[in-house]
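Observations on chain architecture
Residue-level listing of the chains:
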Amino acid sequence: NTNLKTVAILPASRNVPIDTFSRKMKTALEEMGAKTSYMNQASASGHLGRHAFSRMGTFKAAAWLADQEQRYRTVLYVVDSPVNSPWTQTCIRQADFVIGMGDDPSIGEYERLLLLM
């Protein structure tokens, strides 16, 4: 789908191996020819500085994220932070599509957040 540029990968709970899954997904997309950006909280903060997702850094972060979405066919936003963190909310807000990952059939804290948004 050409409209699917941004994907948030969200754990159902904190013990889900989100990083391993996300990196494998990046590799698979690139093997299919889609230039893909893997972005977690550390990589985004590394580019933008530690105050990137504070109120003051919002405009800088928005511009940089928009640039990433222009440069790459697909951007994977990896939710590797606590449920109430600015990074988690940024990932969900930026995403065209959200993948929830886990093996527990009950609704987890991240899924509750999605229901409230």
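The structure presented is a predicted model; accordingly, all values stated were derived computationally and were not measured. (Residues numbered from 1 in each chain as written. Predicted model: local features only at pLDDT ≥ 70, side-chain atom pairs only at ≥ 80, totals over all residues. Heavy atoms only, no water.)

Strand order in the open sheet formed by 4 strands is 2-3-1-4, and the pairing between neighbours is parallel. If you trace the sheet from one side to the other, it starts and ends with strand 2 (36-39) and strand 4 (97-101), each paired once. Adjacent strand axes in the sheet meet at a mean angle of 20° when their direction is disregarded. Inspection of the sheet shows strand 1 (residues 6-11) paired to strand 3 (residues 74-78) by 4 bridges, in the parallel sense. Residue pairing across strands places Ile9 opposite Val78, the latter belonging to strand 3. Helix 4 (residues 86-94) rests against strand 1, strand 2 and strand 3 of the sheet, and its axis sits at about 150° to strand 3. (Pairing = 2+ DSSP bridges. Helix = DSSP H or I, 4+ residues; strand = E, 2+ residues; numbered from the N terminus. Axes fitted to C-alpha atoms, helices over the stretch in contact; angles between N-to-C directions. Contact = heavy atoms within 4.5 Å.)

Time to look at the side chain of Thr6. Within the element layout of this structure, Thr6 appears in strand 1. With relative accessibility at 1%, the residue Thr6 sits in the buried group. A distance of 2.8 Å separates a polar atom in the side chain of Thr6 from the backbone oxygen of Gln94. Aside from chain neighbours lying at most four places away, what touches Thr6 is Glu69, Val75, Tyr77, Gln94, Ala95, Asp96 and Phe97. (Buried < 20%, exposed > 50% of the residue type's maximum accessible area, 1.4 Å probe, protein only. Polar contact = N/O pair within 3.5 Å; in protein donor to acceptor, adjacent residues only side chain to side chain.)

Before going further, it helps to spend a moment on the side chain of Thr88. One can find Thr88 in helix 4. Engagement of the side chain of Thr88 in a polar contact is seen with the backbone oxygen of Pro82, the distance being 2.8 Å. Contacts of Thr88, omitting those with residues within four sequence positions, involve Val79, Ser81, Pro82, Val83, Tyr110 and Leu113.

We now examine the pairing of strand 3. The buried count for strand 3 comes to 5 of 5 residues, which makes it a mostly enclosed element. Residues Thr74, Leu76 and Val78 line one face of strand 3 and the alternating positions Val75 and Tyr77 line the opposite face, and both faces are buried. In terms of strand pairing, strand 2 meets strand 3 through 4 bridges, oriented parallel. Within the sheet, the bridge partner assigned to Thr36 lies in strand 3 and is Thr74.

Functional significance is not addressed by these values, which are geometric in nature.
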